[in-house]
Amino acid sequence: MIPIEPPDPSIGTPADVPAICHTPAAPITPTGKQIVLLIAILAGFITPFDGSAVNIALPAMGAEFHMDAIALSWIATAYILAAALFLVPFGKIADIYGRKRIFLYGIAIFSLASLVMTMVPTTSLLIAVRILQGFGGAMIFGTSIAILTSVFPPGERGKALGIYLTAVYFGLTLGPFLGGVLTQYFGWRSIFFVNVPIGIIACILILWKLDGEWAECVGEHFDLAGSVIYACTLIALMYGFSTVPDSTGIALIVTGIIIGIIFALYEMRIPAPVLDMRLLFKNRVFAFSNLAALINYSATYAVTFLLSLDLQFTKGFSPEHAGLILIVQPAIMAFVSPVAGRLSDRIDPQIVASAGMGLTALGLFLFSFLVESTPLWYMLLCLGVLGAGFGLFSSPNTNAIMSAVEKRYYGVASGMNGTMRLVGQMLSMGIAMMLFSLIIGRVEITPEYYPQFIISVHYAFVLFTIFCIFGIAASLMRGKRQPAAGLHPDGPE
C-alpha cells in the first residue's frame, strides 16, 4: 500500500464512506508508460473509427436488410446511446474494482461484438450487437483517460493526452473515408472485422505487459439506483434531441431535465454517489471544462456530416474524393493536438483551450458563407482553421478536467468527459436533423432541393458559431489551475 494523498477539501470524502485504499500497479518505467500509451492509442482509435465509419456504410447495410430510414438511424443511435448510458457508471466501477480490469473487459467485449457484426443475419440482431458494442465502448472510454492520468504525472500528462486524443479524433474523422473505401471494395462487414485484430493485440499487451492495478475506491458501495436514474435522464434527453422538433421530442427533453434534477438531488443525499455532484457544484474547473467540452462537440460533430453531403450533392464529388478533402481537418488536428497537450503542461490549460475554442468559432463562422459555388480552396482553408481550433482545444481541456480532481475520481472524470462527447455528438446531429426537417422536409435531397439544403447548412453553421462563442465564455470562466497544495489533487505542481 502507498500513502493516501490529502484529498481536495472542496470535494471532501463523507465520513460514512468506507475507508479508501489504493491498489497500486507496479512502478511504471518510461518504457512501461509508452506501452500504456500504445494500448490507449489502439483502443482510442477503434471505438470512434467504428462509430463514424458505420455512417458511410448505412446505405449498403440498409440495402442488404431492406431497412427503412428509422431503422437505419438506430444502427448509429443504439451505439452512441448505449455508450453514453454506461460511461459514468463504468468509470465509477473502475475506480472501485480496478481500471485495468474494466478496460480489458471493454476491449474484449467490443472486439467480440465486432466479430459477431461480421455475421449478423437480421436487423434486430444487428441493432442488438451495436448496443453490445456501445456497452464495451463505455468500458473503454470510462477508463482509458483515467489510466493515462494515473500513469503520467502532471508534467507529462498533457503530452500523453494530446497523443491519445489525436488517435481518437483520427478514428472519428477518418472513419467516413476509410469506411467508404472498405465498404466499396470489401463490403460493409469489413469495417467491423478491422476492429478484431487491433482489439486482440491490445488485450495481449494488457495481459502481458501491464502488472498490478489502479483502484482508489476499493470497498466503496456502488450506487446502482443513481446509475438507473442517470440512465433514464440520458435516454430521455438523447432520444428527445433525435426527434426534435416533434412534440414528442420536446416532451422527452423536458422529462429528461426533470429527471436530471431528481438525479442531482438524490446524488447529493447519499454517501457514495455514482457521480459526486460536488465535482460539478464545488469544483469550478471541472464543471466549466466539461461544459466547454459539451459545447465544443455540439458545435463540431455534425460538420463532417454536413460537408460530406455538400461535397457529394452540390459539388458533385464522389464519396472517396469527398473523404480525401475532409482529411484536411484531422491532419491538422494530428499535428496540433500533441503540441497543444505539451503546451497545457507549461501554460494554464484555460488559455490554450480558450484559444482553440476561438479558432473553432472562426472556422464555423467562415463556413456559414458556404454556397453552391464556394471554391474548394475556401473549404480547405476553413477545414484547416477548424482542425487547428479543435486540436488546440481538446487535449488541454481534457488535461484540465483530469487534473481538477483527486485520483479516486479519475474513472468518474474520464467517464464524464466521454459522456460530454457523446451527448454533444447527439445534440449536434439533432440540430442538423431539426433544420433539415424544418427547411427541407422529410424528402430525398435531389437537385431541386439543393437551395433549401444550402440554407439549412447556413443556419446550422450560424448556430454552431453561436454555440462556440458561449463555449469561449465557459472555457474562460473555469478559472486558472491552482498550484497551491490542497487545492490541486496531486499537490503542488
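Residues numbered from 1 in each chain as written. Predicted model: local features only at pLDDT ≥ 70, side-chain atom pairs only at ≥ 80, totals over all residues. Heavy atoms only, no water.

1. Points about the overall build of the chain
Moving on, step 1. Per the secondary structure count, the chain includes 17 helices and zero strands.
Moving on, step 2. Burial statistics for the chain: of 493 residues in total, 59% are counted as buried.
Moving on, step 3. Nonlocal contacts in the chain, meaning residues at least 24 apart in sequence, comprise 84% of its contacts between residues at least 6 apart.
Moving on, step 4. Of the roughly 19,100 Å² that the chain leaves accessible, carbon and sulfur atoms contribute 73%. (Helix = DSSP H or I, 4+ residues; strand = E, 2+ residues; numbered from the N terminus. Buried < 20%, exposed > 50% of the residue type's maximum accessible area, 1.4 Å probe, protein only. Contact = heavy atoms within 4.5 Å. Areas by Shrake-Rupley, 256 points an atom, 1.4 Å probe, with all protein chains shown as cover.)

2. Things to note about the confidence of the model for the chain
In low-pLDDT segments, the atomic positions of the prediction should not be examined closely.
Moving on, step 1. Residue-level pLDDT values for the chain average 81, and 88% of them are 70 or greater.
Moving on, step 2. Every residue in residues 1–24 scores below 50 in pLDDT, and together they form 53 contacts with partners more than four places removed in sequence or on other chains.
Moving on, step 3. In the predicted structure, residues 482–493 sits below a pLDDT of 50 and forms 25 contacts with residues beyond four places in sequence or in another chain. (pLDDT = per-residue confidence, 0-100.)

3. Description of the layout of surface pockets
Moving on, step 1. One number sums up the size of the second largest pocket: a volume of about 770 Å³.
Moving on, step 2. As for the second largest pocket, its lining consists of 29 residues, and the residues nearest its centre are Leu237, Leu280, Leu294, Met416 and Met420.
Moving on, step 3. Among the elements of the structure, α8 (224–243), α9 (247–267), α10 (278–281), α11 (284–313) and α16 (410–439) are those that each provide at least two residues to the lining of the second largest pocket.
Moving on, step 4. In terms of residue class, the lining of the second largest pocket is made up of 23 nonpolar, six polar and no charged. (1 Å grid on protein atoms, 1.4 Å probe; cavity = no way out; pocket = protein on both sides within 12 Å on 5 of 7 lines; lining within 4 Å. Points joined across faces, edges and corners; volume = space filled by probe spheres on them. Nonpolar A, V, L, I, M, F, W, Y, C, P; charged D, E, K, R; others polar.)

4. Concerning the side chain of Thr300
Moving on, step 1. Relative to the helices and strands, Thr300 resides in helix α11.
Moving on, step 2. Excluding residues within four positions of it along the chain, Thr300 makes contact with Thr360, Phe390 and Ser428.

5. Topic: the packing of aromatic side chains
Any two aromatic rings considered together are summarised by their centre-to-centre distance and by the angle between their planes.
Moving on, step 1. Counted under the stated rule, the structure contains eleven aromatic pairs.
Moving on, step 2. Judged by centre distance (6.0 Å) and plane angle (85°), the ring pair of Tyr297 and Phe390 falls under edge-to-face. Of the two residues, Tyr297 sits in helix α11 while Phe390 sits in helix α15 (residues 376–403), which places them 93 residues apart along the sequence.
Moving on, step 3. You can call Tyr297 buried: its relative accessible area is 7%.
Moving on, step 4. Using a relative accessible area of 6% as the deciding quantity, one classes Phe390 as buried.
Moving on, step 5. Here Phe365 and Phe369 contribute two aromatic rings whose centre-to-centre distance is 5.2 Å and whose plane-to-plane angle is 85°, an arrangement assigned as edge-to-face.
Moving on, step 6. Linked through ring pairs, Phe65, Trp188 and Phe192 together constitute an aromatic cluster. (Phe/Tyr/Trp six-rings, centres within 6.5 Å; stacked < 30°, edge-to-face > 60°.)

6. Some remarks on the side chain of Ser475
Moving on, step 1. Relative to the helices and strands, Ser475 resides in helix α17 (residues 450–477).
Moving on, step 2. Leaving out residues up to four positions away in the same chain, Ser475 has contacts with Ala292, Gln350, Ala353 and Ser354.

7. Regarding the pattern of salt bridges
Moving on, step 1. In this structure the tally under the stated criterion is five salt bridges.
Moving on, step 2. Of the charged contacts, one joins Lys33 and Glu156 as a salt bridge, the two residues approaching to 3.1 Å between their closest N and O atoms. Of the two residues, Lys33 sits in helix α1 (residues 30–65) while Glu156 sits in helix α6 (residues 154–186), which places them 123 residues apart along the sequence.
Moving on, step 3. In this structure, Arg130 engages Asp50 in a salt bridge whose closest nitrogen and oxygen atoms are separated by 2.6 Å. Of this pair, Arg130 sits in helix α4 (residues 123–141) while Asp50 sits in helix α1, placing them 80 residues apart in sequence. (Salt bridge = Lys/Arg side-chain N within 4 Å of Asp/Glu carboxyl O.)

8. Things to note about helix α13 (residues 328–346)
Moving on, step 1. Between its first and last C-alpha, α13 extends 28 Å over 19 residues, near the 27 Å set by a 1.5 Å rise per residue.
Moving on, step 2. Of the residues making up α13, those classed as buried are Gln329, Pro330, Met333, Ala334, Val336, Ser337, Pro338, Ala340, Gly341, Ser344 and Asp345. (Expected span 1.5 Å × (residues − 1).)

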